[in-house]
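Take a look at the letters that make up each chain.
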Amino acid sequence: MASALIIGAGPAGSVAGLLLSRAGWSVTLVEQSRFPREKVCGECLSNLGAAVLARLGLSHPSAVRLDKASIHAMSGASVAVDLPAPMWGLSRAVMDQWLLTEAAACGAAVCQPARCESLESISSGQASDCPPGVLARVRDLITNEVREIVADVALLADGKGALLPRLPPLTGDLGIKSHWRNVKGPRDTIELFGLKGHYAGLAAIENDRWNLAMNVPAARVRSFKGDLNAMWASIVRENASLKDRMSDSERIGEWLASPLPRFAVRSDWPAGIIPIGNAA
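### Focus on the packing of helix H1 (residues 11-22) against helix H3 (residues 92-105)
Across the interface, H1 lies against H3 with an axial gap of 8 Å and an inter-helix angle of 20°. Classed by the angle they form, the pair H1 and H3 counts as roughly parallel. Classified by chirality, the crossing of H3 by H1 is left-handed. Touching Pro 11, Ser 14, Val 15, Gly 17, Leu 18 and Ser 21 of H1 are Arg 92, Met 95, Asp 96, Leu 99, Leu 100, Glu 102 and Ala 103, all from H3. In terms of residue class, the contact of H1 with H3 is built from 7 nonpolar, 3 polar and 3 charged.

Structure, rendered in structure tokens:
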């Protein structure tokens, strides 16, 4: 039986694990985070992504259908269009857990929380007791036990490429998100709001909530000494449409922030190690 080791159980990793398990492969998924977990993300699934899931026979009953898009400039001008095909709003906490559960139901073995600390190509000449393929050293983050896993191929779905010798450079921007309720905006529309040197996006997700996601220059965050509430009070005044949408709203949960990397295309991957998702 062919075997695959998948590093990272986000959407790319879990869908790959589901596909290979259905095809009869022996699959091991390694994920360092506990699910469900929130993640800095726009939390909108494109029509292309939805089509991939549909081909797998997957759809989530809580996903919010988004049929329209609108852009609001700081000047007050706005434009609205019908999307050529629907997008879907669904939080990463729900989607990632859902897809990983589907992969496990198809037979994928899940190591979680566990961290892959090294990954290398091997050949019969390197280790007499190892067949050609890949060798990973994986640490169980509960017991601290380290074990070696050998597989025919490794799919690297670790997002920011933490296992790469050359990490993607940062952009100088932060991704910042939070969940809200009682937003005035329509629940069938993904909206973008122009700000001073950056923008914010707003879209409905499950349980009558909205996801607010922004790219914010790190310099702006520093100017408020990391006080995201104070920064948000400044941001919301820059766009009248955004101010109107959020006038009666309430933030639920914490602000989440993450540096935004700039991903580049690579072609020099070791034998047997295949990048997927953002790692590609």
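### So, helix H2 (residues 47-55)
Looking at H2, one finds that the buried residues are Gly 49, Ala 50 and Leu 53. One face of H2 carries all of its buried residues, which in axial projection span an arc of 100°. In H2, those exposed residues whose orientation departs by more than 90 degrees from the buried face are Leu 48, Ala 54 and Arg 55. Summarising the contacts, the buried residues of H2 are in contact with H1, strand E3 (44-45), strand E5 (78-89) and H3. Looking at the residues trailing H2, positive phi occurs at Gly 57, about 75°.

### Notes on the sheet that holds E3
What holds strands together in a sheet is hydrogen bonding between their backbones, with the strands either parallel or antiparallel. Strands sit in the order E3-E5-E4-E12-E13-E14-E11-E15 across an open sheet of 8 strands; the sheet is mixed. Every other strand in the sheet has two partners, leaving E3 and strand E15 (250-261) as the edge strands with one partner each. The pairing of strand E11 (residues 170-181) with E15 spans 8 bridges and is classified as antiparallel. Bridging from a neighbouring strand, His 179 pairs with Ile 252 of E15.

### So, the packing of aromatic side chains
Here a ring pair, both rings aromatic, is described through the centre-centre distance and the interplanar angle of the planes. What the rule picks out here adds up to 3 aromatic pairs. Taking the centre distance of 6.0 Å and the plane angle of 70° together, the rings of Trp 180 and Trp 255 count as edge-to-face. Highlighted residues: Trp 180 in strand E11 and Trp 255 in strand E15, separated in sequence by 75 residues. By relative accessible area, Trp 180 is classed as buried at 5%. Residue classification places Trp 255 among the buried residues on the basis of a relative accessible area of 13%. Following the ring pairs from residue to residue traces out a cluster consisting of Trp 180, Trp 232 and Trp 255. The ring of Trp 210 has Arg 187 lying over it, and the distance from NZ or CZ to the ring centre is 4.7 Å.

### What about unusual backbone geometry?
Pro 36 follows Phe 35 through a cis peptide bond whose omega is -5°. Tracing the chain through its elements places Pro 36 in the loop between strand E2 (26-30) and E3. In this model, Gln 112 is joined to Pro 113 through a cis peptide bond whose omega is -5°. Within the secondary structure, Pro 113 sits in the loop between strand E6 (109-111) and strand E7 (114-122). A positive phi angle, near 60°, is found at Asp 208, a position not held by glycine. With respect to the secondary-structure elements, Asp 208 resides in the loop between strand E13 (199-205) and strand E14 (209-217). The class of Asp 208 is exposed, set by a relative accessible area of 57%.

About the cut-offs
Residues numbered from 1 in each chain as written. Predicted model: local features only at pLDDT ≥ 70, side-chain atom pairs only at ≥ 80, totals over all residues. Heavy atoms only, no water. Axes fitted to C-alpha atoms, helices over the stretch in contact; angles between N-to-C directions. Helix = DSSP H or I, 4+ residues; strand = E, 2+ residues; numbered from the N terminus. Parallel < 35°, antiparallel > 145°, perpendicular 65-115°, else oblique. Left-handed = near helix turned anticlockwise from the far one by under 90°. Contact = heavy atoms within 4.5 Å. Nonpolar A, V, L, I, M, F, W, Y, C, P; charged D, E, K, R; others polar. Buried < 20%, exposed > 50% of the residue type's maximum accessible area, 1.4 Å probe, protein only. Arc of directions from axis to C-beta. Pairing = 2+ DSSP bridges. Phe/Tyr/Trp six-rings, centres within 6.5 Å; stacked < 30°, edge-to-face > 60°. Lys NZ or Arg CZ within 6 Å of the ring centre and 35° of its normal.

Bear in mind that shape data such as this cannot, by itself, settle questions of function.
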